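Remarks on the overall topology
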Amino acid sequence: MTQHTATTPSYDQLPIIDLSAADRDPRARALLHAQLHSAAHDVGFFQLVGHGVTRAETDALLTAMRAFFTLPEADRLAIDNVNSPHFRGYTRTGDERTAGARDWRDQLDIGAERPAREPGPGEPPYWWLQGPNQWPAALPQLRTAALAWIDRLSAVAQRLLHELLTAIGAPAGFYDPIFGEHAHPHLKLVRYPGSAGDGTDQGVGAHKDYGFLTLLLQDTVGGLQVQREDGRFHEVPPIENAFVVNLGELLEVATDGYLLATNHRVVSPPGATERFSVPFFYNPRLDARIEPLPFPHASTAPGITDDPTNPLYAEYGYNELKGKLRAHPLVAERHHTGLLTPA
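None of the values given here were measured: they were computed from a predicted structure.

What counts as what
- Residue positions are given per chain, counting from 1 as you read along its sequence in written order.
- Residues qualify for local features only when their pLDDT is at least 70, as the model is predicted, and side-chain atom pairs are given and counted only at 80 or more; totals for whole chains, interfaces and linings, by contrast, use all residues.
- Side-chain numbers here rest on the full set of heavy atoms in the structure, without hydrogens or water.
- Here a helix means four or more residues in a row that DSSP labels H or I, a strand means two or more in a row labelled E, and each is numbered from the N terminus.
- Between buried and exposed lies partly exposed: a residue is buried under 20% and exposed over 50% of the maximum accessible area for its type, with that area taken using a 1.4 Å probe on protein chains only.
- Any Lys or Arg side-chain nitrogen located within 4 Å of an Asp or Glu carboxyl oxygen qualifies as a salt bridge.
- Nonpolar cores are built from buried Ala, Val, Leu, Ile, Met, Phe, Trp, Tyr and Cys residues. Side-chain atoms within 4.5 Å join them into one set.
- Every helix has an expected span of 1.5 Å times one less than the residues it contains.
- The directions considered for the arc run from the helix axis to the C-beta atoms.
- Pairing between two strands is assigned when DSSP locates at least 2 bridges connecting them.
- Axes here mean lines fitted to C-alpha atoms, for a helix over just the part in contact, with angles spanning 0 to 180 degrees between N-to-C directions.
- Residues count as neighbours in contact if any of their non-hydrogen atoms are within 4.5 Å of one another.

**Concerning unusual backbone geometry**
In this structure, F87 is a non-glycine residue whose phi angle is positive, near 65°. With respect to the helices, strands and loops of the structure, F87 is situated in the loop between α3 (73-77) and β3 (89-91). Classification of F87 by relative accessible area gives buried; the value is 0%. Even without being a glycine, N241 presents a positive backbone phi close to 65°. Within the secondary structure, N241 sits in the loop between β11 (233-235) and β12 (243-247). Under the relative-accessibility criterion, N241 is labelled partly exposed at 46%.

Written as structure tokens, this is what we have:
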């Protein structure tokens, strides 16, 4: 059984995990698992290096992303997510909400490229979340780069999840059946244009992610903050070629609170400074039910976070639908009036 070694928290930086240690000798692998266990149980966030994603792969995505945000506004608004009942496409600055307040950023939401599925009578409403993406006609290379990134990071996230589950003594492939070809990954290409000019500094408000794992590629500007054990929000200094990884609510549900989904936020950069970030969300099938994870520390789990304003559902699609309806009120008003998640 993997031993859990608590560490004294350093608020200057998150734990740094080298995934390539999984391919080295047993001692290096054991250290990797000890570090993963501590980071996931104590913090819920860490920086991931040794992931195998190349500079060329990253540059291809970032080049296409920056080209998108330099397109004329009319080209971006032609794929406004208000046109999509599946919450795909471009969101104008200030149109997304977190905790009821506007987020001062614009973004492009992308998922697995699938046919639209309109829920039939008696079917869960979360099937609205499946559907095609919207792509800018003037930038065909964006589609290629974004879908390649989804495939690449899905593989990294699957490997990381296997190592994480092993680290806490659970079967590595326990959740493999709820991913596969029908998984529901989500990619955001995000630009923070600087401060709002009215004194508000919410790039994105404090929140938790509602899937399994998030892998974030951030630039060098900074602004991401994580709520640590002392209850305060601490800066996450960027590390070159690293992904900032955080655990989503489904891993908290799966382990009855033993693994942490942690609040985080982004403070807008000062003045007219732009910040770019690329969060990738590793999510299971929409109809996946999250079975409790069998692992030796289950008896010490404290239970999931009890937040009446943010109920957690064992069926993944309801978690994501809940978040989308709150975050994108204009889409909800146009396409999903009266749509409610279960009580």
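**Details of the pattern of salt bridges**
Pairing between side chains of opposite charge can happen when the charged atoms of each approach one another. In total, this model carries 21 salt bridges according to the counting rule given. The closest approach of N and O atoms between E240 and R55, which form a salt bridge, is 2.9 Å. Residue E240 is located in the loop between β11 and β12, and its partner R55 is located in helix α2 (residues 55-69); the two are separated by 185 residues in the primary sequence. Assessed through its relative accessible area of 62%, E240 is described here as exposed.

**Things to note about the nonpolar core**
Counting residues in each nonpolar core, the largest one holds 80 residues, and the members touching the most others are L189 and F212. It is helix α4 (residues 140-167) that provides the largest number of residues to this core, a total of 14 residues. Judged by nonpolar contacts, the second largest core, of 12 residues, contains V43, V226, V236 and V244.

**Quick word on α2**
When the terminal C-alpha atoms of α2 are compared, their 21 Å separation across 15 residues agrees well with the 21 Å that a helix rising 1.5 Å per residue should span. For α2, the complete set of buried residues consists of T58, L61, A64, M65, F68 and F69. Around the axis of α2, the buried residues are gathered within 140° of arc, so they sit on the same side. Turned more than 90 degrees from where α2 packs its buried face, A56 and T63 sit exposed.

**Details of the sheet that holds strand β2 (residues 45-49)**
The strand order across the open sheet built from eight strands is β1-β2-β12-β9-β14-β7-β6-β3, with neighbouring strands paired in mixed fashion. A single partner strand is all that each edge strand has here, and the edge strands are β1 (16-18) and β3. Direction aside, neighbouring strands of the sheet carry axes that sit 25° apart on average. Where β3 and strand β6 (residues 106-111) come together, three bridges link them in antiparallel fashion. Bridge pairing in β6 links T91 to Q107. Against the sheet, α2 makes contact with β3, β6, β7 (186-192), β9 (213-218) and β14 (275-282), and its axis sits at roughly 120° relative to β14, the strand it touches most.

**Some thoughts on the sheet that holds strand β13 (residues 264-267)**
Two modes of strand pairing occur in sheets, parallel and antiparallel, and in both the strands are linked by backbone hydrogen bonds. Taken together, four strands build an open sheet; the order of strands is β8-β13-β10-β11 and the sheet is antiparallel. Every interior strand has two partners, whereas the edge strands, β8 (202-207) and β11, have only one. The sheet shows a mean angle of 25° between the axes of neighbouring strands, taken without regard to direction. As defined by bridge partners, strand β10 (residues 224-227) adjoins β11 across three bridges and the pair is classed as antiparallel. Its bridge partner being in β11, Q225 is matched across the sheet by E235.

**Some thoughts on the pairing of β7**
When you tally the buried positions in β7, you get seven out of seven residues, the bulk of the element. Where β6 lies against β7, six bridges are found, and the strand directions are antiparallel. Counted as the bridge partner of G111 is H186 from β7. Here β7 runs beside β14; their pairing, made up of five bridges, is antiparallel. The residue of β14 that forms the bridge with H186 is F281.

These values are about where atoms sit, not about what they do.
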